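Chains, contacts and geometry: an overview
Spelled out, the chains give:
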Amino acid sequence: MFQRILLVVTTMSLAWVGAAYADITFERVPIDGSSPVLLLKGEFTTSDNPDQLSREVAASGAKLVTFNSNGGNVATAMAYGRMIRSLGLSTLQLRSAECASACALAFVGGVNRQAEPGAIGVHQSSFSPESSIEGHIAVAAVQALTAQIMTYLVEMDVDPKLLQLSLSVPSDDMRYLTANEMQSYKVTWGSLADLTESVAASKVAPTAVPATPPTTKAAAPTTEEKASVFVTAYHDAWSRRNAEALAFMDKAYAETVDFYGRATPKAAVIGEKRNFANRWPVRAYSVKAGSMKITCAETCKVDGIVDWYTKRDVGNRISSGSAEFSLVWDQRAGMILSETGKVIQTDKGVSQPVRLISQWAEQNSACRGGSGDLPETDVACQRREAISDKLQAVGWCYGREGEYGYQMRWHACEATSYKQESAAGIASSATFKRPDLSSYPARGGFSGKTVMPDFRGRDREFNRFRTRIRDGMRQGPNFAGRYTLIQIGCGTGCSFVIAANNQTGRPGSFPRGGEEHMYLSLDFRRDSRMVAVQWLNYDTKTCVVEFFDFDRDTWKPVATTNVGNDKACYRTIAENLR
């Protein structure tokens, strides 16, 4: 069944690749013995109505949606995504068509969603060329739209970090996601079997669903591949701090080594390595992609070129260049039997790790521009991240706060630099005792009808937010017995909270919110007056969790803890305090 869907949709969609798109239209792709697959074609515009999809599904009985769209209006695409979710539809995307930009938002509306690598493209949102919006208004509009997208992604159970990736790609460029990225960000969800069952449920006549083909066992790595992995690990280890680097070297060499043409005891080899490490404690070594040549018989001979950047603690002296290396590796013992090499070029007067930055740029280009279904693309992405780690380890960072895409450059790390998350950057919450919400019971219940605020009189300071407050209060109390906590967005990552008394109709303020407490999230319940609050401290780049007791209309701080760096605020309070 699924293979037939792929075949028919591929055949039908090829006709529209490269066409000039207008508003969204529907095409029914017939499937023998089943309801058709719906193909959504064209750009999403403000004139498109998602109700059209509902009517088409009702008329056709379709369970599966696919796209051929290069994007369009973001709000409309999200509206289609919500309609897809409400109708219980699944989504499928093939590389023979296109689902890029805003279309990716509609795609993630699927209950089950599958896509071929390289079939989904993302980048920054942008205004239409003919729009003429003043700068401060444009900034506010972009912030509001970004907040809406983040809310939508969370609603669709997609990792909000996808938005981070999108913002790093200029609007005139496109990043097509690999299979690993789609799974990591939860752009794809479920399995092919789930999707097949969804379509099978709408069959006109019962037919057998082909069994899932048995999973083939991955082939064992060749000796040459093992040698390549070892040599890569060797240079990765030599790029670490002295203690780690020398510990690796001590295990990497045989007891006697042909060291630059002389039979040398292992102790002497390690002694030379130690002397070099002490002279140059800051090191980054990276093998040039495609330079390794490996031949294996009883042993493996590995030749290649490595770029380096080293720095001394005293005097800040820097060394940068390229060298040829040649190793003989015993695959059975996992040890180096022979080592030689020579410097082929040194960089005079440089202050930057220019060669590693050049390697990073090359791999970044291959990662972003490569075909998503090729293993070479995934390898390039992995190499890029490995080089990025080495650059940061020697004090170089990519991008500063407030920069995106084309603005970002490698530079010596400073206070405003973006820094990658490491395991050491996540604080342990094991020593922090989380207050028990049940120990702070609500002091009173709620009875009768909810009283709305007096926005023209007593509560006029809240008049700007009257619609959001009224909508929240109509749902009844959700906190401390008789109160409703209402969270309202104020831009990208910015929100504030209103605490409204359903008994008196009086709205009140909340101790955290606005641009001083970004990425605000709450944990609370109706039968307790305790609330947990998580927010990002931009000054210290730490994620903070605080607990407040709302006792007799007064917010009393109870406990606070740091749960990690800024990336920790992408997780929930429960995950950070687990």
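The model shown is predicted, which means the values in this text are computed figures rather than measured ones. (Residues numbered from 1 in each chain as written. Predicted model: local features only at pLDDT ≥ 70, side-chain atom pairs only at ≥ 80, totals over all residues. Heavy atoms only, no water.)

Secondary structure assignment for the protein chain yields 15 helices and 24 strands. Evaluated residue by residue, the protein chain yields a buried proportion of 44% over its 578 residues. The contacts of the protein chain with a sequence gap of at least 6 include a subset with a gap of at least 24, amounting to 59%. Of the roughly 29000 Å² that the protein chain leaves accessible, carbon and sulfur atoms contribute 51%. (Helix = DSSP H or I, 4+ residues; strand = E, 2+ residues; numbered from the N terminus. Buried < 20%, exposed > 50% of the residue type's maximum accessible area, 1.4 Å probe, protein only. Contact = heavy atoms within 4.5 Å. Areas by Shrake-Rupley, 256 points an atom, 1.4 Å probe, with all protein chains shown as cover.)

Helix length check: helix α11 (residues 266-279), at 14 residues, gives a terminal C-alpha distance of 20 Å against a target of 20 Å (1.5 Å per residue), a fit within 8%. Within α11, burial applies to K266, V269, I270, G271, K273 and A277. If you follow the buried residues of α11, they end up packed against α9 (223-238), α10 (242-252), β9 (253-259), β10 (262-265), β11 (282-287) and β15 (335-346). (Expected span 1.5 Å × (residues − 1).)

Here we take up the pattern of salt bridges. All chains considered together, the criterion is met by 23 salt bridges. A salt bridge links E56 to R28, with the nearest nitrogen and oxygen atoms 2.4 Å apart. On the criterion of sequence distance, the pair formed by E56 in helix α2 (residues 51-60) and R28 in strand β1 (residues 25-31) is long-range, its members being 28 residues apart. Given the relative accessible area of 16%, E56 is considered buried. (Salt bridge = Lys/Arg side-chain N within 4 Å of Asp/Glu carboxyl O.)

Further remarks concern the sheet that holds strand β24 (residues 554-565). Pairing is antiparallel across the open sheet formed by four strands, whose spatial order is β21-β22-β23-β24. A single partner strand is all that each edge strand has here, and the edge strands are β21 (518-523) and β24. Taken pair by pair, the neighbouring strands of this sheet meet at an average axis angle of 20°, ignoring direction. (Pairing = 2+ DSSP bridges. Axes fitted to C-alpha atoms, helices over the stretch in contact; angles between N-to-C directions.)

Here we come to the environment of R400. For R400, the location among the structural elements is in the loop between β16 (396-398) and β17 (410-412). For R400, a relative accessible area of 26% puts it in the partly exposed group. Between the C-alpha atom of R400 and that of E414, which follows or precedes it by 14 residues, the distance is 8.6 Å.

The subject of this paragraph is the environment of C99. Mapped onto the fold, C99 is located in strand β5 (residues 99-100). Expressed as a C-alpha distance, the spacing of C99 and A119, which sit 20 residues apart in the sequence, is 6.4 Å. Among residues more than four places away in sequence, those in contact with C99 are F67, S69, Q93, A104, F107, A119, I120 and G121.

This next bit is on unusual backbone geometry. One non-glycine residue, Y260, lies in positive phi territory at about 55°. Turning to its location among the elements, Y260 is positioned in the loop between β9 and β10. The residue R552 is not glycine, and still its phi comes out positive at about 55°. By the secondary structure assignment, R552 is in the loop between β23 (542-551) and β24. When its relative accessible area of 60% is taken as the criterion, R552 is described as exposed.

Now for the sheet that holds β5. With mixed pairing, three strands are arranged side by side in an open sheet as β5-β7-β8. Looking along the sheet, the strands with just one partner apiece sit at the ends: β5 and β8 (175-176). Of the pairings in the sheet, the one linking β5 to strand β7 (residues 120-122) comprises two bridges and is parallel in character. If you follow A100 over to β7, its bridge partner there is G121.

The final tally for this structure, using the stated rule, is four disulfides. Note on cysteine connectivity: C99 is disulfide-linked to C103, with sulfurs 2.1 Å apart. An S-S torsion of about -100° defines the bridge between C99 and C103 as left-handed. Since its relative accessible area comes to 0%, C99 is described here as buried. By relative accessible area, which is 0% here, C103 ends up buried. (Disulfide = S-S within 2.5 Å.)

The next subject is the nonpolar core. Within the largest apolar cluster, 41 residues are counted, with the highest numbers of intra-cluster contacts made by L53, F67 and L162. Contributions of two or more residues to this core are made by β2 (34-41), α2, β3 (64-68), α3 (74-86), α4 (103-107), β7, α5 (135-155) and α6 (161-167). Of the residues forming this core, the biggest block, six residues, is contributed by α3. Setting aside residues no more than four positions away along its own chain, L162 makes contact with V122, L153, L177, Y185 and V187. Residues Y234, W238, Y253 and I270 belong to the second largest nonpolar core, which totals 26 residues. (Core = buried A, V, L, I, M, F, W, Y, C linked by side-chain atoms within 4.5 Å.)

Attention now moves to α3. In a regular helix each residue adds 1.5 Å, so 13 residues correspond to 18 Å; α3 covers 18 Å between its end C-alpha atoms and thus fits that length. Turning to α3, its buried residues are V74, T76, A77, M78, Y80, G81, M83 and I84. Taking the backbone nitrogen of A75 as reference, a side-chain oxygen 3.1 Å away marks N73 as the first, capping residue of α3. Directly after α3, the chain includes G88, whose backbone phi takes a positive value near 70°. (Polar contact = N/O pair within 3.5 Å; in protein donor to acceptor, adjacent residues only side chain to side chain.)

Moving on: the side chain of T561. Mapped onto the elements, T561 comes out in strand β24. Residue T561 is classed as buried on the basis of its relative accessible area, which comes to 12%. What T561 contacts, discounting residues up to four positions off in sequence, is F432, C543, V544, V545 and L577.

Where α9 contacts α10, the axes come no closer than 8 Å and their chain directions differ by 145°. Here α9 and α10 pass one another in a crossing that is left-handed. Residue-level contacts link F230, A233, Y234, A237 and W238 of α9 to A245, L246, F248, M249 and A252 of α10. (Left-handed = near helix turned anticlockwise from the far one by under 90°.)

This part covers the confidence of the model for the protein chain. Any residue range with low pLDDT should be treated as having predicted coordinates unsuitable for detailed reading. Looking at the protein chain, the pLDDT average stands at 81 and 82% of residues meet or exceed 70. Here helix α1 (residues 2-13) stands out as the least confident element of the protein chain, with mean pLDDT 42; strand β13 (residues 300-311) is the most confident, with 96. The low-confidence segment residues 127-139 (pLDDT under 50) makes five contacts with residues lying over four places distant or belonging to another chain. Low pLDDT, under 50, characterises residues 202-218; the predicted model gives this stretch 16 contacts beyond four residues in sequence or across chains. (pLDDT = per-residue confidence, 0-100.)

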